[in-house]
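Residues per chain, in single letters:
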Number of protein chains: 2
Amino acid sequence: MIKTPYLLFLGDAPDGLAAKVAQGIKDWRPGNCVGQFRMEGCKADLGLTDMTLAEARAAGAETLVVGVANRGGKISQAWKKVLVMALEEGFDLASGLHNLLRDEPDLVAVAQATGRSLHDVRVPEVEYPIADGVKRSGKRVLGVGTDCSVGKMYTGLALDKSMRAMGMKSTFRATGQTGILITGDGVPLDAVVADFMAGSIEWLTPDNDADHWDVIEGQGSLYHVSFSGVTLALIHGGQPDALILCHEPTRTHMRGLPGYDLPSLEALRDTALPLARIANPDCVVAGISINTQHMGQAEAVAYLKELEDRMGLPAVDPFRHGADRLAEALAAL
Amino acid sequence: MIKTPYLLFLGDAPDGLAAKVAQGIKDWRPGNCVGQFRMEGCKADLGLTDMTLAEARAAGAETLVVGVANRGGKISQAWKKVLVMALEEGFDLASGLHNLLRDEPDLVAVAQATGRSLHDVRVPEVEYPIADGVKRSGKRVLGVGTDCSVGKMYTGLALDKSMRAMGMKSTFRATGQTGILITGDGVPLDAVVADFMAGSIEWLTPDNDADHWDVIEGQGSLYHVSFSGVTLALIHGGQPDALILCHEPTRTHMRGLPGYDLPSLEALRDTALPLARIANPDCVVAGISINTQHMGQAEAVAYLKELEDRMGLPAVDPFRHGADRLAEALAAL
């Protein structure tokens, strides 16, 4: 569990896209962000107050979050200087970089000397159990995609936001590094050892109030041969009561797999639902979330309308239209 | 890759069952075994020549394989004495124990001093790639089960044996610890990190002659919620041309999951085949392997006959009747 609130480290980001993790934290958990720290030449700007380390500590910040991709596959000495000073100022550090903070001897030594924590959210910090498949109390919803990177995390965060706004009890359960940095905890599922994948998701989504929803962040796709096992572990460990089908309609092949076509939403439904019912016989498909970023407004609306008629399910782009109709569909279950 | 041939260490096994790993090696790869090493009070006997360490080295043994379960969750000092002496005599050590050889400082120190290797087959020794899904040359067959522990490894080993006896090109590809000890290499799939599961199976079953079959050892079950993700990674990484359905008909619930019924063989077929066709559109179900150990001879024969009529596929118990009919079904594809 990463201590909040955060100071968001944008480093020397060459553009806004390089700081998309920080942007996600600011968009979804603005209350967790006291400010941003930018180095000379930084081209990203979240619109938060620029703060020195000391100012951010005085404003209550507990953790400096590396919310930016690094260049050249190593943590530069210029970054190191800031990170070491942050530890000395009393910050914990959190990062989703491939290069682990814990593999840097200087950061480890200073963290030990100052009694601070280094959180590498790509690496599990918990010994997860093997899944036991026992039915848990409370409700769970999971996004399943026709492909990787079609907007499953965004869908989950938007759904959680809509459900809370409607007064429903909801918790977003992160299963990837960005989601973990946004919420401060979760399971980095792609880094969990095979035997413990489903168990880690049971651990993440324990017994809860009967009217509480865990909104579980989806990963991979049953149709993506590189990562489909991760997806099935998520379905069986999460034992969802409801699935949201997620899709990006303009993609021409599976991400990273040029020889593989995307399935139809009907095929995804007919594959995912019977598998989900192994763990939870009452599971239903509750709605569809479409990433229409590569479509015009009119085209997107027409596509969603056609989809609703065809599949008999609410279909929204949560970025364009919010996720309220998906939340309503869950409330109606 | 573990060097062969082996001296099989049976320790102080309280009965034959405790030495079942050693029994499997002796049954399936007798040519890999120069003899057995038994301590005082050992109640297991594989019928191999009892040898001292020096005698086994003189007979060509390269690796002492711990083919026995230990008691009390630790490697006893009595075992250690033999293991240390084996390293000093020039043996490598190989083990599938939960307690890792590499976690024992004395074994590590002696192995370093003598230049010998410690193989813990529960732990990956390779950095596997992420799967790329590219179609590979050669043929592959995979056993998929209605449940865990229904005889998938046995089926694979028997099938490999039958195929070789028929003059077909075949390689058994181990994906679990016992299989790895039997053949000397493989992937300990349940210990692989999630993102690399499918890639590890692509690595294990590379391009091969067009008429060569990889017989891939199955793991888990699509219907076993604790391990289903491992199974799907195996299906998508292995891109099998043929599936063998594996089943144990007398089981009353899924292994370790009292609340879960076993699926029918028809349900398994209808779930596994469409998933396999995502990676290999030409995949077929080629046969059925039934573990009839809890049935009488007449009951078993009647059950298999009824199954063949019902499903239109060859159905055998490879332990009772051999796997020739499954091999013939593959040869006919």
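Residues numbered from 1 in each chain as written. Chains lettered and ligands numbered in written order. Predicted model: local features only at pLDDT ≥ 70, side-chain atom pairs only at ≥ 80, totals over all residues. Heavy atoms only, no water.

S.K.: Which residues make up the UniProt feature "domain: D-glutamate N-acetyltransferase-like C-terminal" (unreviewed entry) in chain A, and what values go with them?
M.R.: With numbering matched to this structure, UniProt assigns "domain: D-glutamate N-acetyltransferase-like C-terminal" (unreviewed entry) to residues 130-326 of chain A. Within residues 130-326 of chain A, the helical portion is 39% and the strand portion 16%, while the C-alpha atoms at the span's ends are 32 Å from each other. (UniProt positions renumbered as here; feature names shortened; annotations may be inferred. Helix = DSSP H or I, 4+ residues; strand = E, 2+ residues; numbered from the N terminus.)

S.K.: Account for the environment of valine 144 of chain B, with residues named and values stated.
M.R.: Residues and elements named next belong to chain B. Mapped onto the elements of the fold, valine 144 is located in strand S6 (residues 139-145). Residue class for valine 144 comes out buried when judged on its relative accessible area of 1%. Remark: the alpha-carbon pair of valine 144 and cysteine 246, spanning 102 residues in sequence, is separated by 5.8 Å. Residue contacts for valine 144: discarding those within four places in its chain leaves Lys152, Ile235, Leu243, Ile244, Leu245, Cys246, Leu268 and Ala272. (Buried < 20%, exposed > 50% of the residue type's maximum accessible area, 1.4 Å probe, protein only. Contact = heavy atoms within 4.5 Å.)

S.K.: Break down the confidence of the model for chain A for me, citing the residues and quoting the values.
M.R.: For chain A, per-residue confidence averages 96 on the pLDDT scale, and 100% of positions sit at 70 or higher. Here the prediction assigns the complex a pTM of 0.95, and the interface score ipTM is 0.94. (pLDDT = per-residue confidence, 0-100.)

S.K.: So what's going on with the relation of the copies chain B and chain A? Residues and values would help.
M.R.: Screw-axis analysis of chain B against chain A gives a translation of 0.0 Å along the axis, an RMSD of 0.0 Å, and a rotation angle of 180°. The relationship between the two copies is best expressed as a two-fold rotation axis. With an isologous cut-off of 70% or more, the 100% of interface residues of chain B that recur at the interface of chain A puts this contact in the isologous class. (Least-squares fit on C-alpha atoms with pLDDT ≥ 70 in both.)

S.K.: Mind laying out the side chain of lysine 152 of chain B, listing which residues take part and the relevant values?
M.R.: Residue and element names in this part refer to chain B. As for its placement among the helices and strands, lysine 152 is situated in helix H5 (residues 152-165). The buried charged residue lysine 152 lacks any salt bridge partner; its closest oppositely charged side chain belongs to aspartate 147, at an N-O distance of 7.1 Å. Here the side chain of lysine 152 touches glycine 220 through a polar contact of 3.0 Å, landing on its backbone oxygen. Those residues within four positions of lysine 152 in sequence are excluded, and the remaining contacts are Gly143, Val144, Gly145, Asp147, Gly218, Gln219, Gly220 and Cys246. (Lys, Arg positive; Asp, Glu negative; His and termini not counted. Salt bridge = Lys/Arg side-chain N within 4 Å of Asp/Glu carboxyl O. Polar contact = N/O pair within 3.5 Å; in protein donor to acceptor, adjacent residues only side chain to side chain.)

S.K.: Can you lay out the interface of chain B and chain A for me, pointing to particular residues and giving the numbers?
M.R.: Each partner contributes to the interface: chain B provides 31 residues, whereas chain A provides 31 residues. For the pair chain B and chain A, the summed buried surface comes to about 2,500 Å²; carbon and sulfur atoms form 64% of the total. Put simply, chain B and chain A have zero salt bridges between them. Across the chain B-chain A interface, the total number found is 10 residue pairs in polar contact (both at pLDDT 80 or more). The set of elements that each furnish at least two residues to the side of chain B that touches chain A consists of helix H7 (197-204), helix H8 (228-238) and helix H9 (265-279) of chain B. Sorting elements by how many residues they give to the side of chain B that touches chain A places H8 of chain B first, with six residues. Here the side of chain B that touches chain A is composed, by residue class, of 21 nonpolar, seven polar and three charged. (Buried area = accessible area lost by both parts, 1.4 Å probe. Nonpolar A, V, L, I, M, F, W, Y, C, P; charged D, E, K, R; others polar.)

S.K.: Explain the packing of aromatic side chains residue by residue, including any values.
M.R.: Per the counting criterion, the structure on display carries 10 aromatic pairs over all chains. Sitting over the face of the ring of phenylalanine 91 of chain A, arginine 57 of chain A holds its NZ or CZ atom 5.8 Å from the ring centroid. (Phe/Tyr/Trp six-rings, centres within 6.5 Å; stacked < 30°, edge-to-face > 60°. Lys NZ or Arg CZ within 6 Å of the ring centre and 35° of its normal.)

S.K.: I'd love a proper account of the sheet that holds strand S9 (residues 242-247) of chain A, names of residues and values included.
M.R.: All names here are of chain A. With parallel pairing, six strands are arranged side by side in an open sheet as S7-S8-S6-S9-S10-S11. Of all the strands in the sheet, just strand S7 (169-173) and strand S11 (315-316) have a single pairing partner and so form its edges. Relative to strand S10 (residues 284-290), S9 runs parallel, the two being bridged by six bridges. Across the sheet, the residue bridging to alanine 242 is valine 284, located in S10. The strands touched by helix H12 (residues 324-331) within the sheet are strand S6 (139-145), strand S8 (212-216), S9, S10 and S11, with S10 carrying the most contacts at an inclination of about 175°. (Pairing = 2+ DSSP bridges. Axes fitted to C-alpha atoms, helices over the stretch in contact; angles between N-to-C directions.)

S.K.: Account for the UniProt feature "domain: D-glutamate N-acetyltransferase-like N-terminal" (unreviewed entry) in chain A, naming residues and giving values.
M.R.: In this numbering, the UniProt entry assigns the feature "domain: D-glutamate N-acetyltransferase-like N-terminal" (unreviewed entry) to residues 39-124 of chain A. The annotated region residues 39-124 of chain A carries 34% helix and 13% strand content, and the separation between its end C-alpha atoms amounts to 30 Å.

S.K.: Tell me about unusual backbone geometry, and please be specific about residues and values.
M.R.: Residues and elements named next belong to chain A. The amide bond that connects threonine 4 to the next residue, proline 5, takes the cis arrangement and shows omega of -5°. Within the secondary structure, proline 5 is located in the segment before strand S1 (6-11). Phi is positive for serine 149, close to 55°, though the residue is something other than glycine. Take serine 149: it is sitting in the loop between S6 and helix H5 (152-165). Classification of serine 149 as partly exposed rests on a relative accessible area of 43%.

S.K.: Give me the lowdown on the packing of helix H8 (residues 228-238) of chain A against H8 of chain B, citing residues and values where you can.
M.R.: To characterise two packed helices, one gives the angle between the axes of the helices and the distance between these axes. Their axes nearest at 7 Å, the elements H8 of chain A and H8 of chain B cross at an angle of 155°. Of the possible angle classes, the one that applies to H8 of chain A and H8 of chain B is roughly antiparallel. Considering how the two elements wind past one another, H8 of chain A and H8 of chain B form a crossing that is right-handed. Of the residues in H8 of chain B, those touching H8 of chain A at Ser228, Gly229, Leu232, Ala233 and His236 of chain A are Ser228, Gly229, Leu232, Ala233 and His236 of chain B. In the contact of H8 of chain A with H8 of chain B, the residues fall into four nonpolar, six polar and no charged. (Parallel < 35°, antiparallel > 145°, perpendicular 65-115°, else oblique. Left-handed = near helix turned anticlockwise from the far one by under 90°.)

S.K.: Give me the lowdown on the nonpolar core, citing residues and values where you can.
M.R.: Ranked by internal contacts, the top residues of the largest apolar core, which has 90 residues, are Met197, Leu243 and Ile288 of chain A together with Met197, Leu243 and Ile288 of chain B. Not counting chain neighbours up to four residues away, the residues in contact with isoleucine 288 of chain A comprise Ile244, Leu245, Leu265, Leu307, Met311, Leu313, Pro314, Ala315, Val316 and Leu326 of chain A. (Core = buried A, V, L, I, M, F, W, Y, C linked by side-chain atoms within 4.5 Å.)

S.K.: Can you tell me about the pattern of salt bridges, naming the residues and giving the values?
M.R.: Applying the stated criterion across every chain, the model contains 44 salt bridges over all chains. Of the charged contacts, one joins aspartate 270 of chain A and arginine 269 of chain A as a salt bridge, the two residues approaching to 2.9 Å between their closest N and O atoms. What makes arginine 269 of chain A partly exposed here is its relative accessible area of 26%. Among the salt bridges present, the one from glutamate 104 of chain B reaches lysine 80 of chain B, with a minimum N-O distance of 2.9 Å. Of this pair, glutamate 104 of chain B sits in the loop between strand S4 (92-95) and helix H4 (105-114) while lysine 80 of chain B sits in helix H3 (residues 77-89), and the two are 24 residues apart along the sequence. If you follow the salt bridges from partner to partner, you end up with Lys3, Asp92 and Arg116 of chain A in one network.

S.K.: Now, about the side chain of asparagine 70 of chain B: what can you tell me, with residues and values included?
M.R.: All names here are of chain B. One can find asparagine 70 in the loop between strand S3 (63-66) and H3. By relative accessible area, asparagine 70 is classed as buried at 18%. Looking at asparagine 70, its side chain comes within polar contact range of the main-chain oxygen of lysine 74, at 3.1 Å. Look past the residues within four positions of asparagine 70 in its chain and what remains in contact with it is Ile75, Trp79, Leu97 and Asn99.

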